[in-house]
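Chain residues, written in single-letter form:
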Amino acid sequence: MSTLILILKHPLAVIFAIISGLVFGQYFPQLSISLEFLSSVYINLLKVVTLPLMISAVIFSISRLFGDGNAKQLLARFLLVFSIFLPLTIAITLIVGLLFQPGGGSGSENQNSLGLLVEETSSEPIESMKLFGNNIEEATLSFAEILLDIVPSNIFSAMAEGKALSVLIFALFFGSALGSVSATLKGTLTSAVEGVYRTCLMFTSWLIVPLPLALFAAVSSQIGKTGFGPFVVMGDFLWTLLVASLVILLLSVVVVWRRSQQTFLSVIEAIQLPVSVALATRSSVASMPSMIEGLHRLKFSKFEAELLVPLSVSLARIGPTVFYIIATMFISELYGRPIEFGELILVGLACFLAGMASAGASGIVALSIVSIACGFLGLPFEAALILFIA
C-alpha cells in the first residue's frame with residue numbers, strides 16, 4: 001500500500017494522468033464523460049477544506065508571528081518581498097501580454113471559430129451576447145463599491161456566501177488581535193486554531209493521493225465533451241499565459257536556489273510535488289503541505305515556513321493575478337478596446353484585487369472574478385467567460 005501511495009504522489013503520476021486522459025477522452029468520449037462525477041467529487045472535497053484551512057492558517061500564522069521574538073524582522077522581510085515581487089510579477093505579465101497580444105493576433109477565421117465556440121457552449125441566445133465589436137457599455141462599478149463589498153459586515157454571512165476576500169480580511173485582523181493579547185488569555189484559543197490548521201493540512205495531504213485519478217477523470221471528460229477545439233482556438237491566450245507563468249516560475253526558482261544555498265537540482269526536486277499539485281488542482285492551498293515539506297528539505301526553518309507559507313498563499317496571489325491580467329488583455333483585444341499606458345497600472349491593481357478575491361474560489365466562480373478588472377475598463381465579459389469555461 002505504501003508503495004502505491006508513493007507512486008500516486010510522484011509528479012510523474014500527474015503527467016501520466018494528463019496524457020492518458022487526453023488520449024482516453026479523444027477515443028472514448030462517452031465513457032469519459034461518464035467519469036466526470038469523480039473529478040466533481042474531488043473538487044468538492046477540496047472546496048470543503050479550502051476555506052477552513054485558509055482562515056485557520058492565517059489566524060495561526062499571524063498570532064504566532066506576533067508572539068515570536070523575531071516577529072518584526074519576519075514581518076518586515078515578508079512585506080519587503082511582497083512589495084517587490086508582486087509589482088515585478090505584474091510588470092512581467094503586462095510586458096509579456098503586450099508582446100504576445102493574447103487576443104489581438106486573432107484573424108477573422110479565428111474570430112469566427114471563437115464565435116462558434118461561444119454559440120455552441122452558451123445556453124443564452126447568441127444575439128444577446130456580442131463577442132466582438134466596439135459597442136461597449138460603460139460599467140458602473142466603482143472602487144468604493146468594491147471596497148464596501150470586500151469589507152465584511154457579518155463574518156458568518158461572508159463565509160456562507162463564499163466571499164473569500166472578506167473572510168481573509170477578517171482572519172488578518174482577528175489573528176493580529178489574538179497575537180496582541182497576553183499569553184494566558186490566548187493559549188486555549190491559539191491551541192484550538194492550531195488544531196484546526198494542522199487537521200486541515202493533514203486532510204489536504206490525503207487528497208494528494210487520489211489526485212492522478214481525479215485529474216484523469218477531469219481531463220478525459222473535458223476532451224470527451226469539447227475535443228481539442230477550445231485549446232486550438234484559444235491558442236494565443238494559452239501561449240501568452242504559459243510564457244508569463246514560466247518566466248515568473250523561473251525567477252522564483254532562482255531566488256529559492258540562491259537563498260537556500262543548495263544545489264539547483266535539489267531545488268528542482270523539492271518543488272516538483274508542490275508545482276505538480278498546483279497545476280493539477282489549480283489550488284495553491286492544496287499545495288501548502290508539500291510546499292512546507294519542500295522548504296524544510298531545502299534546510300529552511302520549518303517554523304518560519306509554517307508561518308510564511310500560509311501568508312504567502314493567502315496574500316501573494318501571484319498565479320491568479322497573472323491569469324486575470326492576461327485574461328483582461330485578451331478580452332480587451334477581442335473587443336478592439338486598446339489599453340492606454342496609464343490604464344495598464346489600473347489593470348495590474350485591479351487584477352491583484354481580483355486575485356485576492358479568488359482566494360478559496362474555484363471553477364466558474366474563480367473565472368467570473370475577472371469582471372473586477374473588466375469593470376474598471378468598462379468591458380463586458382459574459383461572452384468571453386464562456387470561452388474560458390469551455
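It should be emphasised that the depicted structure is a prediction, and the values quoted were computed from it without experimental measurement. Counting restarts for each chain, with residues numbered from 1 along the sequence as it is written. In view of the model being predicted, local features appear only for residues whose pLDDT reaches at least 70, and side-chain atom pairs are presented and counted only at 80 or more, with totals across whole chains, interfaces and linings using the full set of residues. Heavy atoms throughout the structure, all of them, feed into the side-chain values; hydrogens and water do not.

Asks: Any details on the pattern of salt bridges? Residues and values, ideally.
Replies: One side-chain nitrogen of Lys or Arg within 4 Å of one carboxyl oxygen of Asp or Glu is enough to make a salt bridge. For the structure on display, the rule yields two salt bridges. In this structure, Lys-225 and Glu-36 form a salt bridge, with 2.9 Å as the shortest nitrogen-oxygen distance. Remark: Glu-36 occurs in helix H4 (residues 36-67) and Lys-225 occurs in helix H11 (residues 211-226); sequence separation between them is 189 residues. Exposure categories follow from relative accessible area, calculated using a 1.4 Å probe and restricted to protein chains: below 20% of the type maximum is buried, above 50% is exposed, and the middle band is partly exposed. Lys-225 gets classed as partly exposed once you look at its relative accessible area, which sits at 44%. With a relative accessible area of 28%, Glu-36 lands in the partly exposed category. Counting from the N terminus, the helices are DSSP H or I runs at least four residues long and the strands are E runs at least two residues long.

Asks: How would you summarise the packing of helix H14 (residues 264-281) against helix H15 (residues 288-297) if you had to cite specific residues and measurements?
Replies: Packed helix pairs are characterised by how far apart their axes lie and by the angle those axes make with each other. Each axis is a line fitted through C-alpha atoms, and for a helix only the stretch in contact is used; angles between axes span 0 to 180 degrees, taken between their N-to-C directions. Taken N-terminus to C-terminus, the directions of H14 and H15 make an angle of 175 degrees; their axes are 8 Å apart at the nearest point. On the basis of their axis angle, the class for H14 and H15 is roughly antiparallel. Contact residues: H14 offers Glu-269, Ala-270, Leu-273 and Pro-274, while H15 offers Ser-290, Met-291, Gly-294 and Arg-297. Following the grouping adopted for this structure description, the nonpolar residues are Ala, Val, Leu, Ile, Met, Phe, Trp, Tyr, Cys and Pro, the charged ones are Asp, Glu, Lys and Arg, and the polar ones are all others, Gly among them. Here the residues of the contact of H14 with H15 are counted per class, giving four nonpolar, two polar and two charged. When an angle is under 35 degrees it counts as roughly parallel; over 145 it counts as roughly antiparallel; between 65 and 115 it counts as roughly perpendicular; any other value is oblique. By definition in these notes, contact holds between two residues if any of their heavy atoms fall within 4.5 Å.

Asks: Any details on the environment of Leu-379? Residues and values, ideally.
Replies: Looking at where Leu-379 falls in the secondary structure, it is placed in the loop between helix H20 (371-377) and helix H21 (382-389). Counting along the chain gives 48 residues from Leu-379 to Ile-331, while the straight-line C-alpha distance between them is 7.7 Å.

Asks: Hey, could you go over the packing of H15 against helix H16 (residues 302-315) for me, with residue numbers and the actual values?
Replies: Look at H15 against H16: their axes get within 9 Å of each other, and the N-to-C directions meet at 140 degrees. Comparing their axes, H16 and H15 come out oblique. The interaxial crossing formed by H15 with H16 has right-handed handedness. Of H16, the residues touching H15 (which contributes Met-288, Met-291, Ile-292, Leu-295 and His-296) are Lys-302, Ala-305, Glu-306, Val-309, Pro-310 and Val-313. Split into classes, the residues belonging to the contact of H15 with H16 amount to eight nonpolar, one polar and two charged. The crossing is said to be left-handed when, going from far helix to near helix, the turn is anticlockwise and less than a right angle, and right-handed when the turn is clockwise.

Asks: So what's going on with the environment of Leu-65? Which residues, and what values?
Replies: Note on placement: Leu-65 falls in helix H4. Along the sequence, Leu-65 and Gly-175 sit 110 residues apart, while their C-alpha atoms lie 9.3 Å from each other.

Asks: Describe the confidence of the model for the chain, naming the residues involved and giving the relevant values.
Replies: In the predicted model, the chain carries a mean pLDDT of 78, and 79% of its residues have values of at least 70. The least confident element of the chain, judged by mean pLDDT, is helix H6 (residues 108-121) at 55; the most confident is helix H13 (residues 235-260) at 91. Every residue in residues 124-141 scores below 50 in pLDDT, and together they form 40 contacts with partners more than four places removed in sequence or on other chains. A residue's pLDDT is the predictor's confidence in that residue, given on a scale from 0 to 100.

Asks: Report on the packing of aromatic side chains, specifying residues and quantitative values.
Replies: Paired rings are identified among Phe, Tyr and Trp, the last through its six-membered ring, by centres lying within 6.5 Å, and are further divided according to the angle between planes into stacked (under 30 degrees), edge-to-face (over 60) and tilted (the rest). Evaluation of the coordinates by the stated rule reveals 10 aromatic pairs. Relative to Phe-28, the ring of Phe-24 has its centre 5.1 Å away and its plane inclined at 35 degrees; by these criteria the two rings are tilted. On the basis of relative accessible area, Phe-24 is assigned to the partly exposed category, the value being 22%. Residue class for Phe-28 comes out partly exposed when judged on its relative accessible area of 46%.

Asks: So what about unusual backbone geometry? Which residues, and what values?
Replies: Even without being a glycine, Gln-261 presents a positive backbone phi close to 60 degrees. Mapped onto the secondary structure, Gln-261 falls in the loop between H13 and H14. The class of Gln-261 is exposed, set by a relative accessible area of 71%. Phi is positive for Lys-299, close to 75 degrees, though the residue is something other than glycine.

Asks: Describe helix H18 (residues 341-357), naming the residues involved and giving the relevant values.
Replies: How far a helix is expected to stretch is found by multiplying one less than its residue total by 1.5 Å. Counted at 1.5 Å a residue, the expected span for H18 with its 17 residues is 24 Å, and the 25 Å between its end C-alpha atoms agrees. Buried residues of H18: Leu-344, Val-347, Gly-348, Ala-350, Cys-351, Phe-352, Leu-353, Ala-354, Gly-355, Met-356 and Ala-357, and no others.

Asks: Just give me the short version of the environment of Val-370, but keep the residues and values in it.
Replies: With respect to the helices and strands, Val-370 occurs in the loop between helix H19 (363-368) and H20. Here Val-370 falls in the buried class, since its relative accessible area comes to 2%.

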